[in-house]
Amino acid sequence: VEAKERTMPASAVDLKDLGIKAGVVQRIAKELESYRREFKQHAEKLAELRSTAGVDGAVIRQWENVAHETQAMIPDTTARLNDAVAALEGFIESMHGEADGSPELEKAQGALQLAQKNLHAE
């Protein structure tokens, strides 16, 4: 007779860690979304300034720098999000179903969905 692996209820510490890791993924996913939205707004403002006659070149260069700095944050934030997603997925897997049905697991699954949406957005 084979012994079936029993799933034990997750400890409070594991559930707390799961909630923390889910929160990290959620925060970084929102941060990435914010940087993308901000870059789009800066690019639109820059296009508007360039099409407006009489705008000082220094103002245009300033907005170019702002847009460039925002755009430069996107690859770093994407990498951090990928790392956080991998850590969360690995942690969920290591729990072997112990968190099934818990609000923390639901939060983690929602955070992973948000992360995937933001990682695949352009």
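Just above sits the structure.
Worth saying up front: this structure is predicted, and the values here are computed from it rather than measured.

Chemist: Talk me through the overall build of the protein; I want residue IDs and the actual numbers.
Modeler: On a plain count of helices and strands, the protein comes out with 3 helices and 0 strands. Tracing the protein from N to C terminus, the helices and strands come up as α-α-α. Computed over C-alpha atoms, the radius of gyration of the protein comes to 21 Å, more than 25% over the 14 Å expected from 2.2 N^0.38 for 122 residues, which places it beyond the range of a compact globule. Along the longest, intermediate and shortest principal axes, the C-alpha atoms of the protein span 85 × 25 × 15 Å. Across the protein, every contact between residues at least 6 apart in sequence was considered, and the portion connecting residues at least 24 apart equals 84%.

Chemist: Got a sec to walk through the nonpolar core? Specific residues and values, please.
Modeler: Ranked by size, the top nonpolar core spans 23 residues in total, and within it Leu18, Val25, Leu81 and Leu88 carry the most contacts. Sorting the residues of this core by element identifies α1 (12-51), α2 (57-94) and α3 (103-119) as the ones contributing at least two each. If you tally residues by element for this core, the top one is α1, at 8 residues. Excluding its chain neighbours within four sequence positions, the residues that come into contact with Leu81 are Val25, Ile28, Ala29, Leu32, Ala115 and Leu119.

Chemist: Could you give an account of the pattern of salt bridges, with specific residues and numbers?
Modeler: By the definition in use, this model includes 4 salt bridges. For Arg50, the salt bridge identified is with Glu64, shortest N-O distance 2.4 Å. A residue pair is termed long-range when its members are at least 10 positions apart, and Arg50 in helix α1 and Glu64 in helix α2 qualify at 14 residues. Between Arg80 and Asp76 there is a salt bridge; the shortest N-O distance is 3.4 Å. Of this pair, Arg80 and Asp76 are both found in helix α2, 4 residues apart, which corresponds to roughly one turn of the helix. Classification of Asp76 as partly exposed rests on a relative accessible area of 39%.

Chemist: Talk me through unusual backbone geometry; I want residue IDs and the actual numbers.
Modeler: Of note, the phi angle at His96 is positive, near 50 degrees, even though the residue is not glycine. Along the chain, His96 turns up in the loop between α2 and α3.

Chemist: I'd love a proper account of the environment of Lys16, names of residues and values included.
Modeler: Along the polypeptide, Lys16 turns up in helix α1. When its relative accessible area of 59% is taken as the criterion, Lys16 is described as exposed. When the C-alpha atoms of Lys16 and Glu104 are compared, they prove to be 7.8 Å apart, with 88 residues separating the residues in sequence.

Chemist: Explain the packing of α2 against α3 residue by residue, including any values.
Modeler: Interaxial distance between α2 and α3 falls to 11 Å at its minimum, and their mutual angle equals 150 degrees. Pair α2 / α3 crosses with left-handed handedness. For the pair formed by α2 and α3, the contact residues are Thr78, Leu81, Asn82, Val85, Leu88, Glu89 and Ile92 on the first element and Leu105, Ala108, Leu112, Ala115, Gln116 and Leu119 on the second. A breakdown of the residues in the contact of α2 with α3 according to their chemical character gives 9 nonpolar, 3 polar and 1 charged.

Reading the values: rules and limits
- Residues numbered from 1 in each chain as written.
- Predicted model: local features only at pLDDT ≥ 70, side-chain atom pairs only at ≥ 80, totals over all residues.
- Heavy atoms only, no water.
- Helix = DSSP H or I, 4+ residues; strand = E, 2+ residues; numbered from the N terminus.
- Rg over C-alpha atoms; globule rule 2.2 N^0.38 Å.
- Contact = heavy atoms within 4.5 Å.
- Core = buried A, V, L, I, M, F, W, Y, C linked by side-chain atoms within 4.5 Å.
- Buried < 20%, exposed > 50% of the residue type's maximum accessible area, 1.4 Å probe, protein only.
- Salt bridge = Lys/Arg side-chain N within 4 Å of Asp/Glu carboxyl O.
- Axes fitted to C-alpha atoms, helices over the stretch in contact; angles between N-to-C directions.
- Left-handed = near helix turned anticlockwise from the far one by under 90°.
- Nonpolar A, V, L, I, M, F, W, Y, C, P; charged D, E, K, R; others polar.

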